[in-house]
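# Coordinate analysis (summary)
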Amino acid sequence: MKNRNGLVAFALLGLAVGTAAYYLLGTEDGKKTLNKANDGIKDLTKSLKDLSKKEAKRASRLAKEAKEDLREWKSKAKDAGRDVLNKVSEKASDWAGKASDATDKIAHKTEDLAEKAKSEISKA
């Protein structure tokens, strides 16, 4: 029974396809309809190709802009890093200079105190 129903369905489908093919290929109206459909498909294909080219160019331009932005950000990050290192180096030099000055002052005071002590000892 199932095979018979399948066979009937297949036959009906074949009949519908055959009728459509006859209409599109065998009659003037069908040929006109088929030509219109072909023209529509060609126009759609051309539109899709044009749109694809346009969008590919746009994507390429956006990628190029993103690459340039990335380069710029990378350069800015390097510059900022150098600026920080320079500031840290300057501060370290300042602190080292201040420490050296403080050490020199202490050394001079110690020498002065040692001279005073020697002088006091020699007087005594």
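An unreviewed UniProt entry lists the protein under the name YtxH domain-containing protein, with Sphingobacterium paucimobilis HER1398 as the source organism.

Helix and strand content of the protein: 2 helices and 0 strands. Its C-alpha atoms give the protein a radius of gyration of 47 Å, more than 25% over the compact-globule value 14 Å for 124 residues. The principal-axis extent of the C-alpha atoms belonging to the protein is close to 140 × 45 × 10 Å. When the 124 residues of the protein are sorted by exposure, 1% land in the buried category. With an accessible surface of roughly 11,500 Å², the protein has 61% of that area assigned to carbon and sulfur atoms. Treating the 28 positive side-chain charges of the protein as one cloud and the 20 negative ones as another, the clouds have centres 12 Å apart.

Let's shift gears to the pattern of salt bridges. This model, assessed by the stated rule, comprises 4 salt bridges. For Arg-82, the salt bridge is made with Asp-79, and the minimal N-O distance between the two is 2.9 Å. Of this pair, Arg-82 and Asp-79 both sit in helix 2 (residues 28-123), 3 residues apart, which is roughly one turn of the helix.

The positions that UniProt labels "coiled-coil region" (unreviewed entry) are, in the present scheme, residues 34-83. Its end C-alpha atoms 72 Å apart, residues 34-83 is made of 100% helix and 0% strand.

By the secondary structure assignment, Asp-50 is in helix 2. By relative accessible area, which is 41% here, Asp-50 ends up partly exposed. For the pair formed by Asp-50 and Ile-106, sequence separation is 56 residues and the distance between their alpha carbons is 83 Å.

About the criteria used
In this convention, every chain numbers its residues from 1, walking through the sequence in written order. Residues qualify for local features only when their pLDDT is at least 70, as the model is predicted, and side-chain atom pairs are given and counted only at 80 or more; totals for whole chains, interfaces and linings, by contrast, use all residues. Water and hydrogen atoms were dropped before computing side-chain values, which therefore reflect all heavy atoms in the structure. Put simply, DSSP H or I for four residues or longer makes a helix, DSSP E for two residues or longer makes a strand, and each gets a number counted from the N terminus. Here the radius of gyration uses the C-alpha set of atoms, whereas the globule reference equals 2.2 Å times the residue count to the power 0.38. Here's how the labels work: a residue is buried when its accessible area is under 20% of the maximum for its type, exposed when over 50%, partly exposed in between, all with a 1.4 Å probe on protein chains only. Here the Shrake-Rupley method, with its probe set to 1.4 Å, supplies the accessible areas, and only the displayed protein chains count as covering residues. When charges are counted, Lys and Arg contribute as positive and Asp and Glu as negative, whereas His and the chain ends are disregarded. The atom standing in for a charge is NZ when the residue is Lys, CZ when it is Arg, CG when it is Asp and CD when it is Glu. Salt bridges, as used here, are contacts in which a Lys or Arg side-chain nitrogen is within 4 Å of a carboxyl oxygen on Asp or Glu. UniProt positions are given in the numbering used here, feature names are shortened, and annotations may be inferred rather than shown by experiment.

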